[in-house]
Amino acid sequence: MAVVKLFGTLGDIAGWSEATLDGATLGEIKAAAAGDNGRLAEHLDHRSTLVILNTTLTPFSLRSDDLAIGPEDEVAFGSPVGGG
């Protein structure tokens, strides 16, 4: 079971910020995190959502739903960040 963290707006949408969830792939983790919350599922699938795997930002090109997630992994999702 991986530790899953939701930062910013994603945590607000979900109503939680940290949980331990079952899933062997990123796709399974996203599905478990979203549950029946379609709005959260849409945000987790969006290309601009940040995905951090074990403190390393994972670029969109490397984060397919087939990406393996181990039971000791930490997966964090964050809202896009803008700045200037």
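Heads up: the structure comes first, above all this text.
Undergrad: With reference to specific residues and values, describe the overall build of the protein chain.
TA: In terms of regular secondary structure, the protein chain is built from 3 helices and 5 strands. Written out in order from the N terminus, the α and β elements of the protein chain read β-α-β-α-α-β-β-β. Relative to its length of 84 residues, the protein chain is compact, with a C-alpha radius of gyration of 12 Å against a globular reference of 12 Å. Dimensions of the protein chain along its principal axes, counting C-alpha atoms only, are 35 × 25 × 20 Å. Taking all 84 residues of the protein chain together, the buried fraction comes to 33%. Counting only contacts in the protein chain whose residues sit at least 6 apart along the sequence, the fraction spanning at least 24 positions is 56%. In the form shown here, the protein chain has an accessible surface area of approximately 4900 Å², with 53% of it arising from carbon and sulfur atoms.

Undergrad: Could you give me a rundown of the environment of leucine 53, with the residues and numbers involved?
TA: With respect to the helices and strands, leucine 53 occurs in strand β3 (residues 50-53). Taking the C-alpha atoms as reference points, leucine 53 and phenylalanine 77, 24 residues apart in sequence, are found 8.9 Å from one another. Beyond its immediate stretch of four places on either side in the chain, leucine 53 contacts Thr58, Leu67, Ile69, Asp73, Glu74 and Val75.

Undergrad: Could you give an account of the pairing of β3, with specific residues and numbers?
TA: Each regular strand carries side chains that alternate between the two faces of the sheet. Burial along β3 is one-sided: the residues Val51 and Leu53 are buried and none of Leu50 and Ile52 is. Sheet topology note: the β3/strand β5 (residues 74-78) ladder contains 4 bridges and is antiparallel. From the neighbouring strand, isoleucine 52 faces β5, where its bridge partner is alanine 76. Taking the residues that link successive antiparallel strands as the turn, the β3-strand β4 (residues 56-57) hairpin has 2 residues, and the phi of asparagine 54 there is positive, at about 55°.

What counts, and at which threshold
- Each chain has its residues counted from 1, running along the sequence as written.
- The predicted origin of the model limits local features to residues at a pLDDT of at least 70 and limits the giving and counting of side-chain atom pairs to 80 or more, whereas totals for whole chains, interfaces and linings rest on all residues.
- For the side-chain quantities, the full set of heavy atoms in the structure was used; hydrogens and water were omitted.
- Only DSSP runs of H or I with at least four residues qualify as helices, and only runs of E with at least two residues qualify as strands; both kinds are numbered from the N terminus onward.
- Restricting the calculation to C-alpha atoms gives the radius of gyration, and the globule rule supplies 2.2 Å times the number of residues raised to the power 0.38.
- For each residue, the accessible area found with a 1.4 Å probe, counting protein chains only, is set against the maximum for its type, and the residue is called buried under 20%, exposed over 50%, and partly exposed in between.
- Note on definitions: a residue-residue contact is assigned when non-hydrogen atoms from the two residues lie within 4.5 Å.
- Working definition of accessibility: Shrake-Rupley area with a 1.4 Å probe, residue cover restricted to the visible protein chains.
- Two strands are said to pair when DSSP picks up at least two bridges between them.

Spatial relationships are all this shows, so hold off on functional conclusions.
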